[in-house]
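# Report on the structure
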Amino acid sequence: MSASANVEVKVKDGSGEDPEKLAAFEAHVQAGGLIEPNDWMPEDYRSLMLRMAEHHANSEIVGALPEGEWITRAPNLKRKLALTAKVQDEVGHGQMLYEVAQDLGKSRNAMLRDLITGKTKYHNCFNYPCPTWADICMIAWLIDGAAILNQGTLAHGSFGPYIRTMRRINMEEAFHFKHGEDMVLTLMSGTEHQKKMAQDAFDRWWGPSIAFFGPHDRPDELERPAMKWRMKTATNDELRQKFVNRFAPAAMATGLVINVCEKDEHGMVTKATPDPLLKLDEETGNWGFTQPDWDEFYRVIRGNGPCNDERVALRRFSYEQGEWVRNAILNGQTTSQN
Amino acid sequence: MSTIDEATQQAVINLCLSIADDKLFLGHRNSNWTGIAPILEADIAFSSLAQDDIAHASALYELAGNLMDETADNIAFGRKPDAYLCSNIVTKDDQFDWANAIARQFYCSNFDLLRFERLSNSSWSELAALCKRLVVEQQIQVNHINDWVKQLATGTPESKERITNALNEYADAASSMFETPYGFDLLIEQDVVNVTEDIFDAWQARIAEQLSLVDISVDFENTASENEGGRSGVHSDDFADSLTELQAVYKEDPAASW
């Protein structure tokens, strides 16, 4: 569901490496070449790639939590099966991405431990509340839709195991998106109660969806290691604009109104007014839009969002209650294999 | 079963619902583990078991729905509590203890396999055809869950103790599976249910065979015929909690399409 576009890590740019090897490496990746785990790579590349894959894996398994909580309340047999399968997919994505990170030198157990102690992060968007069934519909439509755009570009990156995993994940995400789109359309062609549920949930999720791609690009964005080494192939602002161009007209076509919202500390909307900047620029083909609330974004990233504590606590519960099982199944080899 | 009278029809419906309700609530309970199971690979596998169980329930609701002139969804989500015919074991709270979840699934999966094997010979051809298909998937479930019991019983002293305790903890509740739904005798008379052996004895033998491989012994007592339980619509508080959750969104507007 999620992606690592907005992973904020401080990395060096390979200085200190053998200049000839570094130059050959950069020429190789810039020409579209792939890097495999046993190839030579700058230590900073390994470190950044590991953190990207780990952050992405963490996001998948934390992303499973808000949706997982609604499986038991899904309103019919088809939705119940589909939602279970979707959340199962997200856990599967986590499993695949942890494997990618493991190959770069960190054990799964160490990654799961760092996640529950707060040493590592997961995607910001999972720190928002899901108070109704319609929130589940919006996550599958908007957040999975955002993830597809982002991961579509990550699938053209430079690290072989990561991009092969991205391609496989993206095929499954396409199903998730269709599942989300179908649920949103069902609500918006339903009763007044359902339409209101959908609008309220859309108001909660539009902001986190456009913030999904991460903070504004920096002036030197293209020179930063993630872009220079082709781990990312599109900038945050490019992806955000692409997302709005696709989803603003799609949302309006269903009857949803795109609002600028104020929220309380629980992430619930206290005031919603139609976005005054929402307009198609005929020349560029771009839709104008009000930027997400960046103060809120940074507050949530720093751990002070509406659901940060709840999500980490549930992961910790899962880790701790399962420790005896891992010890039994892996015969005490949890440190190296799990 | 070429012709069907009203009493037999109701008995057939009760039979389908009793199996489907077991499967629905078992899948419902197990889907709670999706996203938080102890190992990612186990999470994915357990989620598949939950999906199998809910899909089996759907197929049986469809079959019953044809006789009831009702949709599978309305049958699954829209009945009053005492119209559900699941056994008490499927809704018993597992307290998010993996040993409890495994013990419950071990008992239920083995029982369901026996039921499907038996109903594959039913004189009701539609039920027989469905059960022949479900037997194949159910056997995979049984292989998987039998293996889990073995793994936990041979893992560490702690895991052996935990799974042994859980198997004992769920032994009484397992008896609830053997209560028969109203009209069951009529189905035996008409070969809708083809009884060649006592299902409790057959189940107990299969369970004992698996447990003997890992030196675990559990005593079972079939008290189902002495008490009115889930198959008669008499349910526990744990069932009520599960049903409230199951119906939470559906009840917001039962006429709406979701």
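Residues numbered from 1 in each chain as written. Chains lettered and ligands numbered in written order. Predicted model: local features only at pLDDT ≥ 70, side-chain atom pairs only at ≥ 80, totals over all residues. Heavy atoms only, no water.

Turning next to the overall build of chain B. Scanning chain B for helices and strands turns up 10 helices and 0 strands. Traced from its N-terminal end to its C-terminal end, chain B shows the element sequence α-α-α-α-α-α-α-α-α-α. By the compact-globule yardstick of 18 Å for 258 residues, chain B fits well, its C-alpha radius of gyration being 18 Å. For chain B, the spread of C-alpha atoms along the principal axes amounts to about 55 × 45 × 35 Å. (Helix = DSSP H or I, 4+ residues; strand = E, 2+ residues; numbered from the N terminus. Rg over C-alpha atoms; globule rule 2.2 N^0.38 Å.)

What follows concerns the environment of Phe177 of chain A. Residue and element names in this part refer to chain A. Structurally, Phe177 can be placed in helix H6 (residues 160-188). Given the relative accessible area of 10%, Phe177 is considered buried. For Phe177, the contacting residues outside a window of four places in its chain are Ala140, Trp141, Asp144, Gly145, Ile148, Arg246 and Phe247. (Buried < 20%, exposed > 50% of the residue type's maximum accessible area, 1.4 Å probe, protein only. Contact = heavy atoms within 4.5 Å.)

This next bit is on unusual backbone geometry. For Asp69 of chain B, which is not glycine, the phi torsion reads 55° and is therefore positive. With respect to the helices and strands, Asp69 of chain B occurs in the loop between helix H2 (40-68) and helix H3 (72-77).

Let's shift gears to the confidence of the model for chain A. Residue and element names in this part refer to chain A. Across chain A, the average pLDDT comes to 92, with 94% of residues at or above 70. At the low end of the mean pLDDT range in chain A sits helix H13 (residues 334-337), at 41; at the high end sits helix H9 (residues 236-254), at 98. Every residue in residues 2-9 is under pLDDT 50, and counting partners more than four places away or in other chains gives 39 contacts. Counting interchain partners and residues more than four positions distant, the pLDDT-below-50 stretch residues 332-338 has 16 contacts. (pLDDT = per-residue confidence, 0-100.)

This part covers the interface of chain B and chain A. At the junction of the two partners, chain B supplies 48 residues and chain A supplies 45 residues. Sorting the residues of chain B by area buried against chain A places Ile36, Leu40 and Trp258 of chain B first, and these three jointly supply 20% of that buried surface. Here chain B is connected to chain A by 1 salt bridge. Linking Glu41 of chain B and Arg108 of chain A is a salt bridge whose minimum nitrogen-to-oxygen distance equals 2.5 Å. One can count 15 residue pairs in polar contact (both at pLDDT 80 or more) joining chain B with chain A. Those elements that place two or more of their residues in the side of chain B that touches chain A are helix H1 (6-31), H2, H3, helix H4 (98-119), helix H5 (125-153), helix H6 (157-169) and helix H10 (237-247) of chain B. Examining the composition of the side of chain B that touches chain A, we find that 11 residues originate from one element, H2 of chain B, more than from any other. (Buried area = accessible area lost by both parts, 1.4 Å probe. Salt bridge = Lys/Arg side-chain N within 4 Å of Asp/Glu carboxyl O. Polar contact = N/O pair within 3.5 Å; in protein donor to acceptor, adjacent residues only side chain to side chain.)

Looking at soluble globular proteins, one finds that nonpolar side chains tend to be buried together. Residues and elements named next belong to chain A. Counting residues in each nonpolar core, the largest one holds 93 residues, and the members touching the most others are Trp133, Met138, Trp141, Tyr162 and Phe243. The biggest single contributor to this core is helix H5 (residues 133-154), with 14 residues. If sequence neighbours within four positions are ignored, Trp141 has contacts with Phe177, Gly180, Glu181, Val184, Phe202, Phe247, Ala250, Ala251 and Leu256. (Core = buried A, V, L, I, M, F, W, Y, C linked by side-chain atoms within 4.5 Å.)

All names here are of chain B. Running from amino to carboxyl end, H4 crosses H6 at an angle of 50°, the nearest separation of the two axes being 8 Å. By the angle between their axes, H4 is oblique relative to H6. As for how H4 packs across H6, the hand of that crossing is right-handed. Contacts between H4 and H6 pair Ala99, Asn100, Ile102, Ala103, Phe106 and Tyr107 from the former with Arg162, Ile163, Ala166, Leu167, Asn168 and Glu169 from the latter. Classifying every residue of the contact of H4 with H6 gives 8 nonpolar, 2 polar and 2 charged. (Axes fitted to C-alpha atoms, helices over the stretch in contact; angles between N-to-C directions. Parallel < 35°, antiparallel > 145°, perpendicular 65-115°, else oblique. Left-handed = near helix turned anticlockwise from the far one by under 90°. Nonpolar A, V, L, I, M, F, W, Y, C, P; charged D, E, K, R; others polar.)

In this structure the tally under the stated criterion is 29 salt bridges over all chains. For the salt bridge of Lys86 of chain A with Asp144 of chain A, the shortest nitrogen-to-oxygen distance reads 3.0 Å. Here the residue Lys86 of chain A occupies a position in helix H3 (residues 77-103), and Asp144 of chain A occupies one in helix H5, the gap between them amounting to 58 residues. For the pair Lys86 of chain A and Asp144 of chain A, one class covers both residues: buried. One salt bridge connects Lys92 of chain B with Glu169 of chain B, and the closest N-O pair in it is separated by 3.2 Å. Of this pair, Lys92 of chain B sits in the loop between H3 and H4 while Glu169 of chain B sits in helix H6, placing them 77 residues apart in sequence. Several salt bridges share partner residues, and in doing so they unite Asp22, Lys23, Asp53, Asp112, Arg115 and Arg231 of chain B into one network.

It is worth spelling out the pairing of strand S1 (residues 259-263) of chain A at this point. Residues and elements named next belong to chain A. Sheet topology note: the S1/strand S2 (residues 269-274) ladder contains 5 bridges and is antiparallel. Counted as the bridge partner of Val260 is Thr273 from S2. In this structure, the hairpin formed by S1 and S2 is closed by a connection of 5 residues, where Gly267 is found at a positive phi of approximately 85°. (Pairing = 2+ DSSP bridges.)

Taking 1.5 Å of rise per residue, the 13 residues of H6 of chain B would be expected to cover 18 Å, and the 18 Å separating its terminal C-alpha atoms lies within 8% of that figure. If you check which residues of H6 of chain B are buried, you get Ser159, Ile163, Thr164, Ala166 and Leu167 of chain B. Within H6 of chain B, the buried residues cover an arc of 165° as seen down the axis, which keeps them to one side. Seen from the open side of H6 of chain B, the exposed residues pointing more than 90 degrees away from its buried face are Pro157 and Glu161 of chain B. On its buried face, H6 of chain B sits against helix H12 (323-329) of chain A together with H4, H5, helix H7 (171-174) and helix H9 (199-212) of chain B. (Expected span 1.5 Å × (residues − 1). Arc of directions from axis to C-beta.)

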